[in-house]
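# Examination of the molecular architecture
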Amino acid sequence: MGCLRRRQKLSAWDDALLSGRDPRALLKRGLRHISFSLVTKGMTDVPDFLWGLSEVQRLNLSHNQLRVLPPEVGRLSRLVVLNLCGNHLKSLPAELSLLQGLKVLFLSMNRLSELPAELGACRSLEVLSVSHNRLSQLPAGFADLSRLRKLNLSNNCFAHIPACVFALKELDFLHVGSNRLENIAESIQCLGSLQIFIAENNSIHSFPRSLCLLASLEMLNLNDNDIQTLPEELYLLCRLERIAWNPMDKGLHISHNPLAKPLPELVEGGLDMLVSYLKDKKHS
């Protein structure tokens with residue numbers, strides 16, 4: 001019965017391979033993009049016919065059991081979105097560099113311990129998620145991704161935010177939660193476009209004053225760290241409108257930290273009360 005179910009689940013691409021059907025019949029032609037999707041099919045390998053579909057712009061191979069992404073992916077030169085989430089990938093081919101039009105790359109929930117240096121050649125990339133992998137560093141060429149706006153590095157093994165990240169001037173979203181961070185480098189102030197910064201569930205010891213120079217911040221999440229004091233310059237973050245408690249809310253998230261008294265009571269009282277206290281402390 002199990003084998004029968006699997007054959008039924010794979011019937012769409014299996015038929016394309018074995019019955020002589022033109023694989024292009026499986027393409028979805030939308031108003032803006034041509035898409036191809038093989039999601040949750042239990043595949044351990046990418047079917048060879050896929051590399052002949054050169055017109056594909058959105059490719060979704062997420063939640064399978066892929067162990068290898070073949071170098072032939074470089075043939076899909078029109079790709080704009082590539083989703084490989086939820087597979088068993090341990091490495092990526094250098095041929096990703098041939099995807100010059102790629103804007104969105106999802107690699108979350110794999111087994112990656114490194115990214116290829118050639119990824120830096122994907123200069124059109126705007127969104128990259130590599131959460132839930134085994135990464136502890138990024139290649140130096142990562143700094144060349146000058147159009148990158150959204151970067152998710154959460155749930156990896158980073159002991160610090162890689163220096164190359166601070167060269168990404170267009171970043172407006174950075175998620176480094178659930179890593180092994182103990183501090184946030186002063187270079188964070190280089191990310192002047194940052195609107196959302198999430199660093200929850202680490203071992204960060206201090207709230208650096210340099211964070212207060214990120215005037216565009218609308219969400220700052222430092223929950224579940226080891227922070228004891230807050231900088232007097234907190235008032236400079238004028239776009240943080242409230243103390244936030246819901247994970248999705250904008251504002252300052254600072255719960256589950258060993259804040260020194262009277263900060264816990266002030267946090268309960270709201271952001272205005274907290275900022276007023278810190279301002280008074282600065283001028284006293």
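One structure accompanies this document, and this report is about it. Since this is a predicted model, take the numbers as computed values, not measurements. (Residues numbered from 1 in each chain as written. Predicted model: local features only at pLDDT ≥ 70, side-chain atom pairs only at ≥ 80, totals over all residues. Heavy atoms only, no water.)

## Quick word on the pattern of salt bridges
Condition: Salt bridge, as used here, is a side-chain nitrogen of Lys or Arg placed within 4 Å of a carboxyl oxygen of Asp or Glu. The way it works is that DSSP assigns letters per residue, a run of H or I at least four long becomes a helix, a run of E at least two long becomes a strand, and they are numbered from the N terminus. Note on classification: 1.4 Å probe, protein chains only; a residue is buried when its accessible area is under 20% of the maximum for its type, exposed when over 50%, partly exposed between these limits.
As enumerated under the stated definition, the model contains 10 salt bridges in all. The residue Arg29 makes a salt bridge to Glu55 at a minimum N-O spacing of 3.8 Å. One end of the pair, Arg29, is in strand S1 (residues 28-29); the other, Glu55, is in the loop between strand S2 (34-37) and strand S3 (58-60), and 26 residues separate them in sequence. Under the relative-accessibility criterion, Glu55 is labelled buried at 12%. Linking Asp144 and Arg123 is a salt bridge whose minimum nitrogen-to-oxygen distance equals 3.9 Å.

## Remarks on a positive patch on the surface
To be explicit about the condition: For patches, a residue must show more than 30% relative accessible area and have no salt bridge; joins then use 9 Å for like charges and 5 Å for nonpolar side chains, namely Val, Leu, Ile, Met, Phe, Trp and Tyr. Note on areas: Shrake-Rupley with a 1.4 Å probe; residue coverage comes only from the protein chains shown. Note on charges: Lys and Arg go in the positive column, Asp and Glu in the negative column, and His and the chain ends are not counted at all. For the purpose of locating charges, the reference atoms are NZ of Lys, CZ of Arg, CG of Asp and CD of Glu.
On the surface, Arg32, Arg58, Lys103 and Arg147 cluster together into a patch of positive charge. Accessibility expressed as a relative area gives 36% for Arg58, which makes it partly exposed.

## A word on the sheet that holds strand S4 (residues 81-83)
Selection criterion: We treat two strands as partners when DSSP finds at least two bridges between them.
Read across the sheet, 11 strands follow the order S1-S2-S3-S4-S5-S6-S7-S8-S9-S10-S11 without closing on themselves; strand pairing throughout is mixed. Strand pairing shows two members of the sheet lacking a second neighbour, S1 and strand S11 (251-253), which therefore form its edges. Looking at chain direction, strand S5 (residues 104-106) and strand S6 (residues 127-129) are connected through 3 bridges and run parallel. Each residue of the ladder has a partner; that of Phe106, found in S6, is Ser129.

## Some details on the state of the cysteines
Selection criterion: Cysteine sulfur atoms that come within 2.5 Å of each other are treated as a disulfide pair.
A full pass over the atoms with the stated rule returns 0 disulfides. Counting only cysteine sulfurs, Cys122 is the nearest neighbor of Cys85, a cysteine outside any disulfide, at a range of 16 Å. The thiol of Cys190 is not disulfide-bonded; the next cysteine sulfur, from Cys164, is found 13 Å away. Cys190 gets classed as partly exposed once you look at its relative accessible area, which sits at 35%.

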